[in-house]
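Coordinate analysis (summary)
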Amino acid sequence: MFRKFIVIVLIVLVASVPAVAFGQNEQFTGKAHDMEPEQMHDMKLEEESGDKYIKALSPAGFDLVIGKQNPLAELKPEIITEKGQEIKVFKLTVEDVKFEIFPDRFIEGWGFNGLIPGPTIRVKQGDRIRVIMANNTDTEHTLHVHGQSKPVVMDGVPFLGQKPVEKGESYTYEFTVKNVGTSWYHCHVDSAHHVDMGMYGAFIAEPKNEKLKYDREYIMILDEWPTGHIHVHEDMPMEGHEEHGVVTEHTGVPQHKDGMEMPAGRDWYPKTYKAYEPVYDGFTINGRSFPFTEPVDVKEGEKVRIRFINVGYKTHFMHTHSHKFTVVARDGDYVNEPAKRDTVAVGPGQRVDIILNADNPGIWPFHCHRLDHVTNEHIYPGGMLTFIRYID
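The structure reproduced in this document is the subject of the present report. Keep in mind it's a predicted model, so treat the numbers as computed, not measured.

Here 4 strands make up an open sheet; going across it, the order is E8-E13-E12-E10 and the pairing mixed. This sheet does not close on itself; its edge strands, each paired only once, are strand E8 (121-124) and strand E10 (144-145). Summarising the sheet, strand E12 (residues 181-186) and strand E13 (residues 200-206) pair through 6 bridges and their orientation is antiparallel. Bridging from a neighbouring strand, Ser183 pairs with Phe203 of E13.

Written out as structure tokens, the structure is:
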């Protein structure tokens, strides 16, 4: 069935269609149809609810899967007043998470509030915010809010501003939101490994007065995953990997690289971590690969703001079929780039905001144009692929 689905999508793509003292560690308890030419001008939507796929009847006469519902959660704050000042309190808990990245491929990771990506935090310029991060995993973590000015003890860098948060502990981060725009938060312990395990979420700081005009907004968090990566807890040993906190899945007899062993202690950093050498074969938009990505719904005539956030380690080139857009912000700051584009590069850690003009009704591919990123386990199509879908 999956192979049949791959063939179908390939055809359409080729055809182009509680408050604690902050800053302290605390304890906490495709089937073809016969169609006449005049019937084939538009794509007929056949949306299904729940966990089922969203489908469309293509002009070429195929029932196509174009995605699945996968909305990002948004974290609502508790609003309190202390000494006459309003504070927005957000609570995040790091948990072990198992999820399906694409059909029949499950991954174990770490997520905030049981989600990968973690819930979006949305604030306004000038807000006083308090983020309480609790750790319910066997591994230590911190929280870094990317792109915000704050005291070093609120920045989440382990051993510099705080000690890492161990299981059963929490840490409270508090600061006033100064910088506006699209950003993100993530763990800063053993960063290359922990972020790759799903420890991130969007952080949106809205200005007091938004100068951009648009009708709707989408966030696209871009990432790549080593789908053969297995996290092994200390109380869950695997034969042949007893000394590893992290292993790589192999076919046949388990194999080891010298880099996978615990290196000798380093005298220039407080802690030595195991080497992390991933091989990426899963590419995601908001934590899922096609066909689990969610279509971008628009109405004709709308201006649609899309916030790209690259939380991974590879550059992604996001491309729209038969549509142009304008880049309006980079790394949170407004930019004046009048040129109309259909492809934009988003590097690691970068954020790019665009406004797309919805002026060509239909259903259109929207994907990374490094096409090996439009695969699942190196098989096309999959990965960073979604669709622009016009709705009534």
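Below, the discussion takes up the packing of aromatic side chains. Applying the stated criterion to the full structure yields 7 aromatic pairs. With 5.4 Å between their ring centres and 90 degrees between their planes, Phe159 and Tyr269 make a pair best called edge-to-face. Residue Phe159 is found in the loop between E10 and strand E11 (169-176), and its partner Tyr269 is found in the loop between strand E16 (246-248) and strand E17 (282-285); the two are separated by 110 residues along the sequence. Given a relative accessible area of 33%, Phe159 falls into the partly exposed group. What makes Tyr269 partly exposed here is its relative accessible area of 33%. With a centroid separation of 4.6 Å and 50 degrees between ring planes, the pair formed by Tyr171 and Tyr173 is classed as tilted.

Where nonpolar side chains cluster on the molecular surface, the patch consists of Val152, Val153 and Leu160 and spans about 260 Å² of accessible area. With respect to the secondary-structure elements, Leu160 resides in the loop between E10 and E11.

Let us look at the sheet that holds strand E26 (residues 385-390). Across the sheet, 5 strands lie side by side as E18-E26-E25-E20-E23; this open sheet has mixed pairing. Two strands in the sheet have a free side with no partner beyond their single neighbour: strand E18 (296-298) and strand E23 (343-346). Averaged over all adjacent pairs, the angle separating strand axes in this sheet is 20 degrees, with direction ignored. Pairing of E18 with E26, which is carried by 3 bridges, proceeds in the parallel orientation. Residue pairing across strands places Val296 opposite Ile388, the latter belonging to E26.

Before going further, it helps to spend a moment on the environment of Lys324. Tracing the chain through its elements places Lys324 in the loop between strand E20 (316-320) and strand E21 (325-330). Among the residues examined, Lys324 registers a relative accessible area of 42% and is labelled partly exposed. Sequence-distant contacts of Lys324, defined by excluding residues within four places in its chain, comprise Lys340, Arg341, Asp342, Leu356 and Asn357.

The subject of this paragraph is the environment of Asp331. Its location among the elements puts Asp331 in the loop between E21 and strand E22 (333-334). When the C-alpha atoms of Asp331 and Val180 are compared, they prove to be 9.5 Å apart, with 151 residues separating the residues in sequence.

Across the 8 residues of E11, 7 count as buried, placing the element largely inside the fold. Sheet analysis places strand E9 (residues 128-135) next to E11, joined by 7 bridges and oriented antiparallel. From the neighbouring strand, Arg128 faces E11, where its bridge partner is Thr176.

What follows concerns the pattern of salt bridges. One pass over the full model with this rule turns up 25 salt bridges. Between Glu206 and Lys124 there is a salt bridge; the shortest N-O distance is 3.0 Å. Note that Glu206 is positioned in strand E13 and Lys124 in strand E8, a separation of 82 residues in sequence. With relative accessibility at 22%, the residue Glu206 sits in the partly exposed group. Of the charged contacts, one joins Asp155 and Lys150 as a salt bridge, the two residues approaching to 2.6 Å between their closest N and O atoms. Look at Asp155 and you get buried, because its relative accessible area is 19%. One network of salt bridges, in which partners are shared, links Glu74, Lys76, Arg122, Lys124, Glu206, Glu210, Glu217, Arg305, Arg307 and Asp353.

Turning our attention to the pairing of E26. The element E26 is extensively covered by neighbouring structure, given that 6 of its 6 residues are classed as buried. Here E26 shows no split at all, with Leu385, Phe387 and Arg389 on one side and Thr386, Ile388 and Tyr390 on the other all buried.

Let us look at the environment of Thr142. Structurally, Thr142 can be placed in the loop between E9 and E10. When its relative accessible area of 0% is taken as the criterion, Thr142 is described as buried. Along the chain, Thr142 and Tyr171 lie 29 residues apart, while their C-alpha atoms are 8.0 Å from each other. There is a polar contact of 2.6 Å between the side chain of Thr142 and the backbone oxygen of Gly156. Polar side-chain contacts of Thr142 include one of 3.3 Å to the backbone nitrogen of His188.

What counts and how
- Residues numbered from 1 in each chain as written.
- Predicted model: local features only at pLDDT ≥ 70, side-chain atom pairs only at ≥ 80, totals over all residues.
- Heavy atoms only, no water.
- Pairing = 2+ DSSP bridges.
- Helix = DSSP H or I, 4+ residues; strand = E, 2+ residues; numbered from the N terminus.
- Phe/Tyr/Trp six-rings, centres within 6.5 Å; stacked < 30°, edge-to-face > 60°.
- Buried < 20%, exposed > 50% of the residue type's maximum accessible area, 1.4 Å probe, protein only.
- Patch = residues over 30% accessible without salt bridge, like charges linked within 9 Å, V, L, I, M, F, W, Y side chains within 5 Å.
- Areas by Shrake-Rupley, 256 points an atom, 1.4 Å probe, with all protein chains shown as cover.
- Salt bridge = Lys/Arg side-chain N within 4 Å of Asp/Glu carboxyl O.
- Axes fitted to C-alpha atoms, helices over the stretch in contact; angles between N-to-C directions.
- Contact = heavy atoms within 4.5 Å.
- Polar contact = N/O pair within 3.5 Å; in protein donor to acceptor, adjacent residues only side chain to side chain.

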